[in-house]
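What follows is each chain in one-letter form.
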Amino acid sequence: MQKKSLIPRLIVHGGAWNIPAAYHAAHLAGVRAAVEQTYPQLLDGCSALDAVETAVKVLEADPTFDAGRGAFLNAIGEVELDAIIMDGRTLGFGAVAALQNILHPVSVARQVMEQTEHNLLVGTGALDFARRAGFTELPPEDLLTERELAFFRQVQNDPAFRTHHPFRDGPGDTVGAVALDRDGNLAVATSTGGTARKLPGRVGDCPIVGAGAYADNERGAVSATGWGESIMKVLLSKTVCDAFAAEDAMAAAQQGIDILARKVKGLGGVIGINAEGEYAWAHNTPYMAMAYAEGEGAVNASIRPDAK
Ligand code: ASP
């Protein structure tokens, strides 16, 4: 792979949905912190793969977001986490789904990629693997927040509630990161607690390669967020990566979101970096929390990046 850029790039998101005003400050601070803590490492020469894992870990540890600590509860009041990490050099990826009691599913996903001959581990198999790989298993309450418990109680017995409603009407803040390193390599990671009141065992777009994330040095890398059942149908991240070949970066992101809306009435957002190192983003939800590194370090964070 030819070196394409000596200036590394990093862009992260903290979910695309109707983020209530009361949560804006925490979302902005969270995505900004992920870039501020990670970008200096990219400047120092760390790999894109290390950078996306680091940035997503910052976001998983932040209870503001629907990933790691702070995740939505499923229909029986439990946290089940999905995550993926992908290496644009090799198209290698690792993913976990319906994983319980682990704070950093993205790191387990990386171990799946690097230590096994598989791509995706689910449920108790993923948890067993995490234990064997030395991850600390936390008591379930450790990943649970008062905010999510209260929301669970509010929607638990509401017959009108649908798991995709938060993307339009109320509280989905999956997290994701895309990086380009000094060697011109791209990587992506996405991590989520999924959707509120999902059925136990439900797996969303996040750990499905091409849906929640895709990275290919020849095209670009993309992380998606939003209503997973719709995102999966159009393999949103791969769709945007493919569009990078013919469109400029922002137009490719918008094309992906237009396809999501037109073909499957989907709701969500994407962030990405094309092979030339140009940032891309688009969303059709009211808000999307995101931040990226400008030039050699300034951080641009926003909650409504498409606002004109
Ligand atoms: N895409 C995630 C899912 O459906 C949710 C989100 O992005 O907030 O599992």
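Residues numbered from 1 in each chain as written. Predicted model: local features only at pLDDT ≥ 70, side-chain atom pairs only at ≥ 80, totals over all residues. Heavy atoms only, no water.

S.K.: Explanation requested: the site of the ligand in the structure shown.
M.R.: Taken together, 13 residues form the shell around the ligand, and within it Thr174, Arg202, Asp205, Thr225 and Gly226 come nearest. Interatomic distance of 2.6 Å between a side-chain N/O atom of threonine 174 and an oxygen atom of the ligand. One nitrogen or oxygen atom from the side chain of aspartate 205 is found 2.6 Å from a nitrogen atom belonging to the ligand. Across the complex, the protein chains shield 100% of the 270 Å² of accessible surface that the ligand would expose by itself. Of the residues belonging to the shell around the ligand, the class tally is 1 nonpolar, 9 polar and 3 charged. (Near = heavy atom within 4 Å. Polar contact = N/O pair within 3.5 Å; in protein donor to acceptor, adjacent residues only side chain to side chain. Areas by Shrake-Rupley, 256 points an atom, 1.4 Å probe, with all protein chains shown as cover. Nonpolar A, V, L, I, M, F, W, Y, C, P; charged D, E, K, R; others polar.)

S.K.: Teacher, can you tell me more about the pairing of strand E2 (residues 81–87) here?
M.R.: For a regular strand, the rule is simple: side chains alternate between the two faces of the sheet. Most of E2 sits out of view: 7 of its 7 residues are buried. The two faces of E2 match: Leu81, Ala83, Ile85 and Asp87 on one face and Asp82, Ile84 and Met86 on the other face are all buried. Bridge count between E2 and strand E3 (residues 92–99): 6 bridges; the pairing is antiparallel. Paired with aspartate 87 across the strands is glycine 92, a residue of E3. Where E2 hands over to E3, the hairpin turn is made up of 4 residues, of which leucine 91 adopts a positive phi near 65°. Sheet topology note: the E2/strand E6 (residues 186–192) ladder contains 6 bridges and is antiparallel. Bridge pairing links aspartate 82 to threonine 192 in E6. (Buried < 20%, exposed > 50% of the residue type's maximum accessible area, 1.4 Å probe, protein only. Helix = DSSP H or I, 4+ residues; strand = E, 2+ residues; numbered from the N terminus. Pairing = 2+ DSSP bridges.)

S.K.: Sorry if this is basic, but what is going on with the packing of aromatic side chains here?
M.R.: Describing an aromatic ring pair means giving the distance of the ring centres and the angle of the ring planes. All chains considered together, the criterion is met by 4 aromatic pairs. With centroids separated by 4.9 Å and ring planes inclined at 50°, the aromatic side chains of tyrosine 279 and tyrosine 292 adopt a geometry described as tilted. Taken as a pair, tyrosine 279 in strand E10 (residues 279–283) and tyrosine 292 in strand E11 (residues 287–294) lie far apart in primary sequence, 13 residues in all. Like tyrosine 292, tyrosine 279 is buried. Ring centres of tryptophan 281 and tyrosine 292 lie 5.2 Å apart, and the angle between their planes is 25°; on these two criteria the pair is classed as stacked. Here tryptophan 281 is found in strand E10, whereas its partner tyrosine 292 is found in strand E11, with 11 residues between them in sequence. (Phe/Tyr/Trp six-rings, centres within 6.5 Å; stacked < 30°, edge-to-face > 60°.)

S.K.: Whenever I open this one, the nonpolar core confuses me. Can you help?
M.R.: Side chains of nonpolar character tend, in soluble globular proteins, to be buried together. With 75 residues, the main nonpolar core has Ile11, Val12, Leu236 and Val270 as its most contacted residues. Residue contacts for leucine 236: discarding those within four places in its chain leaves Gly210, Ala211, Ala224, Ile231, Gly256, Ile257, Leu260, Gly269 and Val270. (Core = buried A, V, L, I, M, F, W, Y, C linked by side-chain atoms within 4.5 Å. Contact = heavy atoms within 4.5 Å.)

S.K.: What's the story with the side chain of serine 230 in this structure? I'm lost.
M.R.: In this fold, serine 230 is placed in helix H7 (residues 228–233). Setting aside chain neighbours within four positions, we find serine 230 in contact with Leu260, Val264, Gly266 and Leu267.

S.K.: How should the sheet that holds E11 be read in this particular structure?
M.R.: In any sheet, the strands associate via hydrogen bonds between backbone groups, in a parallel or an antiparallel arrangement. The mixed open sheet is built from 8 strands, whose spatial order is E4-E3-E2-E6-E5-E1-E11-E12. Because the sheet does not close on itself, it has two edges, and the strands there are strand E4 (120–122) and strand E12 (298–302). Within this sheet the neighbouring strands show an average axis-to-axis angle of 10°, counted without direction. Contacts from helix H2 (residues 48–61) reach strand E1 (9–17), E2, strand E5 (175–180) and E6 within the one sheet, and its direction differs from that of E5 by about 155°. In this fold helix H4 (residues 123–132) packs onto E3 and E4, with an angle of close to 105° to the strand it touches most, E4. (Axes fitted to C-alpha atoms, helices over the stretch in contact; angles between N-to-C directions.)

S.K.: Help me understand the sheet that holds strand E9 (residues 268–274) in this model?
M.R.: Strand order in this open sheet of 4 strands is E7-E8-E9-E10, and the pairing throughout is antiparallel. Strands with a single pairing partner mark the edges of an open sheet, and in this sheet they are strand E7 (213–216) and E10. Averaged over all pairs of adjacent strands, the angle between strand axes in this sheet comes to 10°, irrespective of strand direction. Bridge analysis of E9 against E10 gives 5 bridges, and the strand direction is antiparallel.

S.K.: Looking at this structure, how should I read the packing of helix H8 (residues 236–243) against helix H9 (residues 249–264)?
M.R.: Two quantities define a packed helix pair, namely the angle between the axes and the distance from one axis to the other. Two elements in contact, H8 and H9, have axes separated by 8 Å at closest approach and are oriented at 140°. With respect to H9, the axis of H8 lies oblique. Seen along the crossing, H8 lies across H9 with a hand that is right-handed. From H8, Leu236, Thr239, Val240 and Ala243 reach across to H9, where they touch Ala252, Ala253, Gln255, Gly256, Ile257, Ile259 and Leu260. Class assignment for the residues of the contact of H8 with H9 results in 8 nonpolar, 3 polar and no charged. (Parallel < 35°, antiparallel > 145°, perpendicular 65-115°, else oblique. Left-handed = near helix turned anticlockwise from the far one by under 90°.)

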